[in-house]
Amino acid sequence: MTQTISAPVSSAMIRQLRPRQWIKNALVVAPVAAAGEITDADHWLPLLGAFVAMSLAASSTYVVNDLNDLDEDRRHPVKSLRPLASGAITTSTGTALAIGTVATSLGIAALVGWPTLCAVIVYLAITYSYSYLLKHVPVVELVVVAIGFPLRTVVGGLATEIPLTTNFLLVVAFGALFVVAAKRSAELLELGEEAAGHRSALATYSPGYLRLVQSIALSVMLVVYGLWTFGGEVSSSADSIVWFQLSMIPLVVAVLRYAWLVDRGLAGAPEEVFLRDRAMILIAVVWMACYGTGIGLG
């Protein structure tokens, strides 16, 4: 007799995959957008495959991470509501979900191409290492989480055979490091003395150290972005270069806005900031308008 899954359990399984966090995987589109080839229909199918493969790969790591952190999550004011921590789904269901998502992810990546499959495997290896070991190592855990973001762009570049420049990767990598350090700052502010019980590495960080990391990451990102745009690397057209240069203004405003939110303890979930903060959404639209105009005139 076939056993069915109840609606509440199905809903909990979907929530466990954290589909809201799939917004991060929009970075697979970044190489195509930066190259001005987003309207090329030949890229759409491999991009879709890369996005789905990365989303499922990321979801599998979320499940694995939650399985490993059950005790800590049950003591957290927000994470205790997650399906595994709250008991909405069992650990055996979570294990099956992790295996199913990673298998599907690898299958889709293989259909896109062997280079894409290899990149997804590297991403999984790094994120699984984080879940089982590296998240307990101070500083290293910051870098490992940040590495996952440029890896997403690499997946998109390999899927569409668009080469990525060093400056492009550096902007994404140090921008990601800024966001990760900012998230740790928000967690430290929110959890206070209980921070170590929820994330052991937090016990070794001070607010001053995390602000230093944010400052370094932000400085490198902005300098490299300036070199990328003002150096003419993105275009040879004088008209388009002006618009690429203008795009630096909303970028600076965006990071200042994000830093302000961090200082107020409102950036513990970066994806929620980018989805819900109206000012950030407006700034992003202005940035895309500037950059998009530069591509159109290039």
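Not measured: the values here are computed from a predicted model.

Bringing the packing of helix α13 (residues 248–263) against helix α15 (residues 278–297) into the picture now. As a packed pair, α13 and α15 sit with axes 9 Å apart at the nearest point and diverge in direction by 165 degrees. By the criterion of interaxial angle, the relationship of α13 to α15 is roughly antiparallel. Crossing hand, α13 versus α15: left-handed. Side by side, α13 and α15 meet where P250, L251, V253, A254, R257, Y258 and L261 of the first sit next to A279, M280, I283, V286 and W287 of the second. The residue makeup of the contact of α13 with α15, split by class, is eleven nonpolar, no polar and one charged.

Okay, the confidence of the model for the chain next. On average, residues of the chain score 86 in pLDDT, and 91% of them reach the 70 mark or higher. For the chain, the element scoring lowest by mean pLDDT is helix α10 (residues 195–198), at 58; helix α8 (residues 140–160) scores highest, at 94.

Turning next to the packing of aromatic side chains. Evaluation of the coordinates by the stated rule reveals seven aromatic pairs. Following the ring pairs from residue to residue traces out a cluster consisting of F168, Y225, W228, F244, W287 and Y291. The ring of F149 has R152 sitting right over it, with the charged end atom 5.1 Å from the ring centre.

Ranked by size, the top nonpolar core spans 37 residues in total, and within it F178, M221, Y225 and Y258 carry the most contacts. Residue contributions to this core peak at eleven residues, all from helix α9 (residues 166–191). Judged by nonpolar contacts, the second largest core, of 17 residues, contains V28, A57, V120 and L151.

Attention shifts here to unusual backbone geometry. A positive phi angle, near 55 degrees, is found at R18, a position not held by glycine. Relative to the assigned elements, R18 resides in the loop between α1 (7–16) and α2 (30–34). Despite not being glycine, E161 has its phi angle at roughly 60 degrees, a positive value. Here E161 lies in the loop between α8 and α9.

The next point concerns the side chain of T160. Of note, T160 is situated in helix α8. Within the structure, the side chain of T160 is placed 2.8 Å from the backbone oxygen of G156, a separation counted as a polar contact. Apart from residues no more than four positions distant in its own chain, T160 is found in contact with V32, H43 and L47.

Scoring rules and cut-offs
Residues numbered from 1 in each chain as written. Predicted model: local features only at pLDDT ≥ 70, side-chain atom pairs only at ≥ 80, totals over all residues. Heavy atoms only, no water. Axes fitted to C-alpha atoms, helices over the stretch in contact; angles between N-to-C directions. Helix = DSSP H or I, 4+ residues; strand = E, 2+ residues; numbered from the N terminus. Parallel < 35°, antiparallel > 145°, perpendicular 65-115°, else oblique. Left-handed = near helix turned anticlockwise from the far one by under 90°. Contact = heavy atoms within 4.5 Å. Nonpolar A, V, L, I, M, F, W, Y, C, P; charged D, E, K, R; others polar. pLDDT = per-residue confidence, 0-100. Phe/Tyr/Trp six-rings, centres within 6.5 Å; stacked < 30°, edge-to-face > 60°. Lys NZ or Arg CZ within 6 Å of the ring centre and 35° of its normal. Core = buried A, V, L, I, M, F, W, Y, C linked by side-chain atoms within 4.5 Å. Buried < 20%, exposed > 50% of the residue type's maximum accessible area, 1.4 Å probe, protein only. Polar contact = N/O pair within 3.5 Å; in protein donor to acceptor, adjacent residues only side chain to side chain.

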